[in-house]
Every structure is written in C-alpha cells, then in structure tokens.
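A closer look at the structure
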Amino acid sequence: MIPIIAEIEQVKQSFIAALDSATTGKELDEIRNAFMSRQGEIARLMALLKTLSLEEKRQAGPVLHELRAYAEAALDKKYQQNEQAGLQALACREQSFDVTALRYHDKRGSLHIYSQIIEKLEDIFISMGYTVVEGPEVETEFYNFDALNIPKNHPARDAHDTFWLTIPSLLLRTHTSAVQIHTLEKREFPLAICAPGRVYRNEATDASHNFMFTQIEGLFIDKNVSMANLIATVQTFLQAVFEKKDLKVRARPSYFPFVEPGIEIDCSCPFCIAGCSICKKTKWIELMGAGLVHPNVLKSCGIDEQVYSGFAFGLGIDRLAMMKYGINDIRLFQSPKIGFLEQF
Ligand code: DAH
C-alpha cells in the first residue's frame, strides 16, 4: 500500500475520535477548522496528493475524496444533533422551571444581645407587677450622687470614675441607681419599678471592664418593706432569669451609701453542682448590690421615711450575658464584629 493511504486512514481515525468526544458547538467548530479548512488536515493531504505520480493519484484520490465526503456528512450530522440536544434541554428547563426555587441568600439582622436580655429581664419584672422606666444618661450630680446619699468628697464617689461634662455638675450616669431618684420624686405608692440602661465609667478597659456597660435597677417602696421582702423578690427574680426553680440566694453584708443595711447577693451557681470555672469552684456567683433604701434617700425626695420604706437592687447585664453565653470579653458587646453579633 502506498504511504499516503495509511496517512489518510490515520487522519480519518483521529477525526472520528475528535468528533466522538465533542459535545459543544464550539468544539465542533474547532474540528471543522482542524480538518476541513484550507489549512486543515484534508487540504494538507490534497496538496500532498498533487505531488504524487499518476498511478498513486489514481489509487489514493478516491480514498481521500471519500474521507472528505464522509467527514462533511458526519460533521453536519453532529451539528444537527447538537442543536437538537440544546433545544431539548431548553424545553426541559422551561417546562420544569420552578419560580420558587430561587432563594436569595438572606442576611437577616437580629436584636442586639443587650436588647434580647433586657427584654427578658423586663418581662420577668412585669410578671412580678413592676413597671419599666427609663432615665436620662446625662445626669446631674444631684441625681447620680447627692440624692443617693453620696455627698461631695465622700470616698464612695472615688469608686465611680466619672465622665464629667464640660457643663458644670453634668455627668454621664455611673449607675442606674440615679433612676431611683427620678421615680421617687413622683411619690406615688406603692412603687415598683425596674430601670435598665447604659452606664458609664471613666476607667481603663480590659476583658472585664468597659467604659460603657449596662445595668438594671429594681426599686420597691411601700409601708413596712423588709429585708425578707427583698430577698424573696430577688430569689424569685433570679429563679426566672436562670430558669431554675431550686436556685438559692445568699446575702453578705456590704456598703452602698444609698441603702442601709447594704448587702451583696450571690446565687447558687446555675451552671454546675460541684463547682465549675464560672463560679470559680465556689458554687456561688456574686450578682448584685442591694439593700433597704436609706432614709436619707427618701428624705431627699420629700418622702416621709417614718411611713415608707423600701428596697433596691442593681446588677450588671453584661456580666449576666457573659456568664450565660460564655463570652470572655466585655468589649465585644460594643464591637461591630458581625461574627459575634450574629450568634444571638
Ligand atoms: N449602683 C450600684 C453600682 O453601680 C449597684 C447597687 C448597689 C444598686 C446596691 C442598688 C443597691 O440598688 O441597693 O455598683
């Protein structure tokens, strides 16, 4: 057999293989280009044929023409099949198009963790018959200190590193206890309020201290209010907060100028039985300051301290949230870190 016939056969085989594996119109175009164009394989063989002897032309010519006819027909057929398949796929897509299938990636906002906890605490207070009140964050010295029995130069003021405004005797409130005074001034009894909100302390920040944090204050005033009323109320409140009916509380003597006697209240650790890292293996958690409202506070609001008495307590919401959710840095509450915020 003359060599060109073997070469024609080779080209045919590679054309068949290429056509078999082609699946797109673009691939078919490429095959047409590689084999059928002026620079293609068949044209190359035609040119080669012209250089051969008459006898060789007579033998190889029909084989090459046959290849060209075969290639053209096969390519045309494949183009048609391809077009058909495309139309079918389109029809199929149109037929089974599901208008509900497209879901936008929904990024939803949520209430800040502060708001969520405050709402829950408020609900508990409301269930106990308390009213939610708010006070201003910019306070006067009178509401934040004087009326709360913390006179100027009293050492208790040192514990409250205060942000003073440039306007004399105005400050950012250092505790929600200031709201007690606004409420007491109304002199409507019996009085039962809670006051959540932001407070400010001019101190260095670290993982457990921030210049701004949140507290919630409870205040109850009536006739003959006792320490027993305070402890029972706080226990009921904390049992609801931690959703634990057998939660216990204990009181330790303490000093806050606006209550007498003043106490600190701990609760049995709601997270363990035998001691854990949250209660530092003590089984108790320090939660709040409290006490019976000091007669001087009642007097400074024009209330007869011989007739009325009451109790107050205040606790930090940040610490509560940190314990509950295992948050290790108080500054995260004020940070814009979406990864932190979207957990709640
Ligand atoms: N105001 C106090 C503080 O910021 C907390 C506090 C202590 C509130 C005793 C009270 C109380 O109502 O009776 O540290």
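Residues numbered from 1 in each chain as written. Predicted model: local features only at pLDDT ≥ 70, side-chain atom pairs only at ≥ 80, totals over all residues. Heavy atoms only, no water.

1. A short note on the nonpolar core
Counting residues in each nonpolar core, the largest one holds 48 residues, and the members touching the most others are Phe 237, Leu 238, Phe 242, Leu 287, Met 288, Phe 313 and Phe 333. Counting only elements with at least two residues in this core, the list comes to helix H5 (113–127), strand S4 (191–200), strand S5 (212–222), helix H8 (227–241), strand S7 (259–268), strand S8 (284–293), strand S9 (309–316) and helix H10 (317–325). Among the elements that line this core, the one with the most residues is H5, at seven residues. Aside from chain neighbours lying at most four places away, what touches Phe 313 is Phe 125, Ile 216, Glu 217, Gly 218, Leu 230, Val 234, Phe 237, Met 288, Gly 289 and Ala 290. Counting 23 residues, the second-largest nonpolar core is a separate cluster that includes Tyr 143, Leu 184, Leu 219 and Cys 301. (Core = buried A, V, L, I, M, F, W, Y, C linked by side-chain atoms within 4.5 Å. Buried < 20%, exposed > 50% of the residue type's maximum accessible area, 1.4 Å probe, protein only. Helix = DSSP H or I, 4+ residues; strand = E, 2+ residues; numbered from the N terminus. Contact = heavy atoms within 4.5 Å.)

2. With respect to the domain arrangement of the protein chain
Per the domain assignment, the segments of the protein chain are domain 1 (3–95) and domain 2 (113–341). Taken over C-alpha atoms, the centre of domain 1 sits 87 Å from the centre of domain 2. (Domains from an automatic or database assignment.)

3. What to know about helix H4 (residues 54–95)
The end-to-end C-alpha distance of H4, which contains 42 residues, comes to 61 Å, matching closely the 62 Å that a straight helix rising 1.5 Å per residue would cover. Taking the largest bend as the criterion, H4 deviates by roughly 35°, centred on Ala 60, and proline Pro 62 comes between one and four positions later. Looking only at H4, the buried set comprises Ala 60, Gly 61, Leu 64, Leu 67, Ala 71, Ala 74, Leu 75, Lys 78 and Tyr 79. On its buried side, H4 packs onto helix H1 (3–21), helix H2 (25–36) and helix H3 (41–50). (Expected span 1.5 Å × (residues − 1). Bend = angle between axes of the 7 residues up to and from the residue.)

4. Observations regarding the sheet that holds strand S1 (residues 131–132)
Here seven strands make up an open sheet; going across it, the order is S1-S4-S5-S9-S8-S7-S6 and the pairing mixed. Edge positions in the open sheet fall to S1 and strand S6 (249–254), since each of these has one partner strand only. Pairing of S5 with S9 involves eight bridges; the strand directions are antiparallel. Among the inter-strand pairings, Gln 215 is bridged to a residue of S9, identified as Gly 316. (Pairing = 2+ DSSP bridges.)

5. Describing the pattern of salt bridges
Inspection of the entire model under this criterion finds 16 salt bridges. Measuring nitrogen to oxygen at the nearest pair gives 3.7 Å for the salt bridge that ties Glu 30 to Lys 26. Taken together, the positions of Glu 30 and Lys 26, both in helix H2 and four residues apart, correspond to about one turn of that helix. For the salt bridge of Asp 266 with Arg 252, the shortest nitrogen-to-oxygen distance reads 2.8 Å. Note that Asp 266 is positioned in strand S7 and Arg 252 in strand S6, a separation of 14 residues in sequence. Relative accessible area serves as the criterion here: at 26%, Arg 252 is assigned to the partly exposed category. The network of salt bridges with common partners includes Arg 250, Arg 252, Glu 264, Asp 266 and Glu 286. (Salt bridge = Lys/Arg side-chain N within 4 Å of Asp/Glu carboxyl O.)

6. Some remarks on unusual backbone geometry
A cis amide bond links Phe 189 with the next residue in sequence, Pro 190, at an omega value of -10°. Of note, Pro 190 is situated in the loop between helix H7 (178–184) and S4. With an omega of -5°, the peptide bond between Glu 260 and Pro 261 qualifies as cis. Considering the arrangement of structural elements, one finds Pro 261 in strand S7. The residue Asn 224 is not glycine, and still its phi comes out positive at about 55°. Owing to a relative accessible area of 72%, Asn 224 belongs among the exposed residues under this scheme.

7. What to know about the pairing of S9
In this structure, S8 lies alongside S9, joined through five bridges in antiparallel fashion. In the strand pairing of S9, Gly 289 is matched with Gly 314.

8. Describing H3
Every buried residue of H3 is listed here: Ile 42, Leu 45, Met 46 and Leu 49. What you see down the axis of H3 is that its buried residues fit within an arc of 105°, all on one side. (Arc of directions from axis to C-beta.)

9. Quick notes on the packing of H1 against H3
Between H1 and H3, whose axes approach to 11 Å, the crossing angle comes to 175°. As judged from the angle between their axes, H1 and H3 are roughly antiparallel. Of the residues in H3, those touching H1 at Ile 4, Glu 7, Ile 8 and Val 11 are Glu 41, Arg 44, Leu 45, Leu 48 and Leu 49. For the contact of H1 with H3, the residue count by class is six nonpolar, no polar and three charged. (Axes fitted to C-alpha atoms, helices over the stretch in contact; angles between N-to-C directions. Parallel < 35°, antiparallel > 145°, perpendicular 65-115°, else oblique. Nonpolar A, V, L, I, M, F, W, Y, C, P; charged D, E, K, R; others polar.)

10. What about the site of the ligand?
In the vicinity of the ligand lie 15 residues, with His 175, Ser 177, Arg 201, Gln 215 and Glu 217 positioned nearest. Here an oxygen atom of the ligand and a side-chain polar atom of Arg 201 are 3.0 Å apart. Interatomic distance of 3.2 Å between a backbone N/O atom of Ala 312 and an oxygen atom of the ligand. Among the elements of the structure, S5, S8 and S9 are those that each provide at least two residues to the shell around the ligand. (Near = heavy atom within 4 Å. Polar contact = N/O pair within 3.5 Å; in protein donor to acceptor, adjacent residues only side chain to side chain.)

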